[in-house]
Amino acid sequence: MANDALNLNPPDATLHISTHGSDWLWAAFSIMLFTLLVSVGLNFLRPRGTRLFHQLAIIILATSSLAYFSMASDLGATPIVTEFRGDGETRQIWYVRYIQWFLTFPLLLLSLLLTTGLSLSDILTTLFMAIFIVVSGLVGALVESTYKWGFYSFGSVALFYVWYVLLWHAPRTTFAANGAFRTGFRISSSVFAFMLLTYPICWALAEGSNVISATSEMIWYGILDVITGPFFLLFFLFQLNAVDYSAFGFTSGKYTDTAVSVRPTKAQEAGAV
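Summary of the structure given here. (Residues numbered from 1 in each chain as written. Predicted model: local features only at pLDDT ≥ 70, side-chain atom pairs only at ≥ 80, totals over all residues. Heavy atoms only, no water.)

**Topic: the overall build of the protein**
From N to C terminus, the protein includes 10 helices and two strands. In sequence order, the secondary structure elements of the protein are arranged as α-α-α-β-β-α-α-α-α-α-α-α. Nonlocal contacts in the protein, meaning residues at least 24 apart in sequence, comprise 73% of its contacts between residues at least 6 apart. Working note: accessible area of the protein is about 13800 Å², and carbon and sulfur atoms make up 68% of it. (Helix = DSSP H or I, 4+ residues; strand = E, 2+ residues; numbered from the N terminus. Contact = heavy atoms within 4.5 Å. Areas by Shrake-Rupley, 256 points an atom, 1.4 Å probe, with all protein chains shown as cover.)

See below:
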């Protein structure tokens, strides 16, 4: 079946994705959706009260699936006049992608940092920096003048803070269960930190300087999102299988598999009469 997305939803910018770019986005969407369904299945295989990390993965993948469905359908972009190499031409800026990152980036960090001994204040500050990075990238992409690089610089400084937490501060905290997940965290955080390095490079070449085409941008970002989304989350959850979940202290005390029978008091019995 031919991909008719660009005919049904015509691009509103001069520099826009091609049909091949839309094809790739549909492929990325399929990967996101398939991994989401797998995560839902794995979630139900876990005992109740031990599903936090799996449910975070479900939220991340559900958000990513919706965003990629939108982008594959050529929806969720706005035209912005390019600063370089465009001579007044407009380029598609995909605000729906930034909405996706606004939700998924902090949750990915939260999944990692909850396995460490970081304080709540450290975790909240790191999550704020993640949101700050995404907002800076979005505003910078929507700015048509050279001032966009000011927002890029703000986001880059915040990204250095996230790297510091992932690669230096968090690994040196006291991990639960005598550091049972310390090695798993070091591997996961190193992979995630490296992937974070490539996002600002793509931004600089795409939304920033208009060096690569909109289709190349989609392929680059799509590969990064697939790696940091489905592949990374499955790898992360697989590592957690070897760790006793109760060591993290996240087991909920509110859930009960059976209804609790409460005997009415004498006053209640008398009132019923």
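There's more to say after this.
**A few points about the environment of Phe175**
Take Phe175: it is sitting in the loop between helix H6 (148-169) and helix H7 (176-179). Looking at Phe175, the relative accessible area reads 5%, which means it is buried. Residues Phe175 and Phe185, 10 residues apart in the sequence, show an inter-C-alpha distance of 9.7 Å. Excluding residues within four positions of it along the chain, Phe175 makes contact with Thr115, Thr116, Ala170, Phe181, Arg182 and Phe185. (Buried < 20%, exposed > 50% of the residue type's maximum accessible area, 1.4 Å probe, protein only.)

**Things to note about the pairing of strand S2 (residues 90-93)**
Alternating positions in S2 separate into two faces, Thr90 and Gln92 on one and Arg91 and Ile93 on the other, with burial throughout. Pairing between strand S1 (residues 78-81) and S2: four bridges, direction antiparallel. Residue Pro79 lies in a different strand from S2, and its bridge partner there is Gln92. (Pairing = 2+ DSSP bridges.)

**Describing the pattern of salt bridges**
The full count for this structure, using the stated rule, is two salt bridges. Between Glu217 and Arg91 there is a salt bridge; the shortest N-O distance is 2.8 Å. In this pair, Glu217 is assigned in helix H9 (residues 214-240) and Arg91 in strand S2, connecting sequence segments 126 residues apart. Of the two residues, Glu217 and Arg91, neither departs from the other in class, the shared state being buried. According to the relative accessible area criterion, Glu217 is buried, its value standing at 0%. Taken together, the salt bridges that share partners define one network made up of Arg91, Arg97 and Glu217. (Salt bridge = Lys/Arg side-chain N within 4 Å of Asp/Glu carboxyl O.)

**Re the environment of Thr198**
Note on placement: Thr198 falls in helix H8 (residues 182-208). Residues Thr198 and Leu224, 26 residues apart in the sequence, show an inter-C-alpha distance of 8.0 Å. Excluding residues that lie within four positions of it along the chain, Thr198 makes contacts with Trp220 and Leu224.

**Section: the packing of aromatic side chains**
The tally for this structure, following the rule as stated, stands at 19 aromatic pairs. A ring pair is formed by Phe128 and Phe132, whose centres lie 6.0 Å apart and whose planes are at 45°; its orientation type is tilted. Taken as a pair, Phe128 and Phe132 lie in helix H5 (residues 120-142) at a separation of four residues, close to a single helical turn. Assessed through its relative accessible area of 47%, Phe128 is described here as partly exposed. (Phe/Tyr/Trp six-rings, centres within 6.5 Å; stacked < 30°, edge-to-face > 60°.)

**Looking at the packing of H6 against H8**
Direction vectors running N to C along H6 and H8 enclose 175°, while the axes themselves pass 10 Å from each other. By the angle class used here, H6 and H8 are roughly antiparallel. Here the contact of H6 with H8 is built from residues that sort into 16 nonpolar, three polar and two charged. (Axes fitted to C-alpha atoms, helices over the stretch in contact; angles between N-to-C directions. Parallel < 35°, antiparallel > 145°, perpendicular 65-115°, else oblique. Nonpolar A, V, L, I, M, F, W, Y, C, P; charged D, E, K, R; others polar.)

**Thoughts on helix H3 (residues 52-72)**
For H3, which comprises 21 residues, the first-to-last C-alpha distance of 30 Å matches the rise-based estimate of 30 Å (1.5 Å per residue) to within 8%. Summarising burial for H3: 15 of the 21 residues are buried, a large majority. One or two positions beyond H3, positive phi appears at Asp74, with a value near 65°. (Expected span 1.5 Å × (residues − 1).)

**Considerations on the environment of Met195**
Looking at where Met195 falls in the secondary structure, it is placed in helix H8. Using a relative accessible area of 8% as the deciding quantity, one classes Met195 as buried. As for Met195 and Asp225, which are separated by 30 residues in sequence, their C-alpha atoms are 9.2 Å apart. Apart from residues lying up to four places away in sequence, Met195 is in contact with Leu224, Ile227 and Thr228.

**What about the nonpolar core?**
If you look at the biggest cluster of nonpolar residues, it comprises 52 residues, and the most contacted ones within it are Phe105, Leu109, Leu166, Phe192 and Leu196. Here this core takes nine residues from helix H4 (residues 95-113), the largest share from any one element. With residues near it in sequence (within four places) discarded, Phe105 still touches Ala130, Ile133, Val134, Phe192 and Leu196. Counting 17 residues, the second-largest nonpolar core is a separate cluster that includes Leu6, Ala28, Met32 and Trp94. (Core = buried A, V, L, I, M, F, W, Y, C linked by side-chain atoms within 4.5 Å.)

**Topic: the side chain of Thr126**
The residue Thr126 is located in helix H5 in this model. Sequence-distant contacts of Thr126, defined by excluding residues within four places in its chain, comprise Leu109, Leu113, Tyr161, Val162 and Val165.

Read these as geometric descriptors, not functional statements.
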